[in-house]
Amino acid sequence: MKLTNTRVLITGANGFIGGRLAERLTHEENTTVRGLVRNGTSFDFARDKLLTHHDFEIATGDVCDEAVVHNAVAGCAIVVHCAAMQGGRAKIDDYRRVNVGGTLNLLRAARAANVQRFVHISTINVHGFPPPRDANADSPLDFGDGFYSVTKAEGERAVSDLASNYHFPITIVRPGCTYGPRSVAWTLTPLARVKRGAPVLIGDGSGICNAVYIDNLIDLILLALKNDAAIGQSFIGTEGRGVTWREFYGAYARMAGVSKINSMPRWFALLAATGFGALARWEGYPPRVDRASVEFYSHRVVYDIEKSKRLLGYAPKISFEEGMRRTEEWLRNEQMLK
Ligand SMILES: NC(=O)c1ccc[n+]([C@@H]2O[C@H](COP(=O)([O-])OP(=O)(O)OC[C@H]3O[C@@H](n4cnc5c(N)ncnc54)[C@H](OP(=O)(O)O)[C@@H]3O)[C@@H](O)[C@H]2O)c1
């Protein structure tokens, strides 16, 4: 689909992925971007830095609010759904309300408004922990572990069911660990953890991190928007060349001038996960450490991106070294490294 002179609604436009997508759609594709953002949240922090430097339209409110999304999608040809509840001390029903309910709410509004393309941003976590050895875009969804991962899998299934019932043109993109300028999860947090000497590795750190530099992921999302072969398909949003967790955290340790990266034996992590898991089941909140995260940091699976290459011509252009170099440059400019 042609993007020039179309209007695109991005939910979570003040977030990391949504914000970068909004910038690139505006500057490279000459698209009108409308961002759906909530008042009184990190939008207030990002308002000056991000949104007012660009010519974005803003719709305010919660993705779970029917009237809000109805107004937000009006006049948009495309929707990219980035908003999600990803962490925090909340019950599973709160996660479900946003990651399933909010997604369906948006999808129904988009269908009623005759939106022509809907891209749903999911996660590779939907393939479970550990993922299958040949994990790829057509691997089954796993509904096993972790409030975030389970509700993202449920949200994805709801999107696919509704789309096939109504022949609605959806595409699902499942990012891996997306890092780069402005990333909280995979740049600011790892840097802070390495600096304070937290045990960030399991065992010898040879588990595989399916990292993706933000602009490689945005390239894939743009290809999915432009290419009709993406309709009705799911894609893995990684680089097809995992790095070890030791290499991933090692990059931040080097930037911060930290010589030792701390680790935890796998048996100890599993024991902690059992204890925290029991407490969490009793309390109804996510555990501080769970079995899924131990597997996440231990498995050695590199997700297969062959389908993204074959159907969309995706080829990640920025290497891990270059991605980390750009990330470091941003951190230095923002005075977050000495
Ligand atoms: N970053 C990664 O490594 C990664 C990996 C795999 C998948 N993903 C997926 O990619 C998407 C974007 O992630 P991100 O890293 O860009 O996250 P992010 O920076 O935390 O952005 C998430 C956005 O969602 C918004 N949001 C949350 N709940 C909302 C609600 N009820 N109504 C409206 N907006 C709401 C947040 O707004 P507030 O500021 O108001 O909270 C924020 O703008 C998510 O779907 C996530 O599951 C990310």
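For the structure, check the block above.
About the cut-offs
Residues numbered from 1 in each chain as written. Predicted model: local features only at pLDDT ≥ 70, side-chain atom pairs only at ≥ 80, totals over all residues. Core = buried A, V, L, I, M, F, W, Y, C linked by C-beta atoms within 7 Å. Buried ≥ 20, exposed ≤ 12 C-beta atoms within 10 Å, placed from the backbone. Helix = DSSP H or I, 4+ residues; strand = E, 2+ residues; numbered from the N terminus. Contact = placed C-beta atoms within 7 Å. Pairing = 2+ DSSP bridges. Right-handed = clockwise from strand over helix to strand, strands pointing away. Axes fitted to C-alpha atoms, helices over the stretch in contact; angles between N-to-C directions.

A closer look at the nonpolar core
Thinking step 1. Counting residues in hydrophobic clusters, the biggest one holds 93 residues, and the most contacted among them are Ile 10, Val 73, Val 79, Val 80, Ile 221, Ala 224 and Tyr 249.
Thinking step 2. Ranked by residues supplied to this core, first place goes to helix 7 (residues 214-226) with 8 residues.
Thinking step 3. Dropping the residues within four chain positions of it, Val 80 is found in contact with Val 8, Ile 10, Leu 21, Val 119, Ile 121 and Ile 221.

Some details on the pairing of strand 6 (residues 170-175)
Thinking step 1. Strand 6 sits mainly inside the fold: 6 of its 6 residues count as buried.
Thinking step 2. Burial along strand 6 is two-sided: the face carrying Ile 170, Ile 172 and Arg 174 and the face carrying Thr 171, Val 173 and Pro 175 are both buried.
Thinking step 3. Taken together, the 4 bridges between strand 5 (residues 117-121) and strand 6 define a ladder with parallel strand orientation. Residue pairing across strands places Val 119 opposite Thr 171, the latter belonging to strand 6.
Thinking step 4. Handedness of the strand 5-helix 5 (residues 147-166)-strand 6 crossover: right-handed.
Thinking step 5. Bridge count between strand 6 and strand 11 (residues 234-237): 4 bridges; the pairing is parallel. The residue of strand 11 that forms the bridge with Pro 175 is Gly 237.

Side note on the environment of Gly 35
Thinking step 1. With respect to the helices and strands, the residue Gly 35 is situated in strand 2 (residues 32-37).
Thinking step 2. Residue Gly 35 is classed as buried on the basis of its 28 C-beta neighbours within 10 Å.
Thinking step 3. Placed 17 residues apart in sequence, Gly 35 and Gly 18 show a C-alpha to C-alpha distance of 8.4 Å.

Focus on the sheet that holds strand 2
Thinking step 1. The strand order across the open sheet formed by 7 strands is 3-2-1-4-5-6-11, and the pairing between neighbours is parallel. The open sheet has two edge strands with one neighbour each: strand 3 (57-60) and strand 11. Across the sheet, the mean angle from the axis of one strand to that of its neighbour is 20°, orientation sign disregarded.
Thinking step 2. As judged from the 5 bridges shared by strand 1 (residues 7-11) and strand 2, these two strands associate in the parallel manner. For Ile 10, the partnering residue across the bridge sits in strand 2 and is Gly 35.

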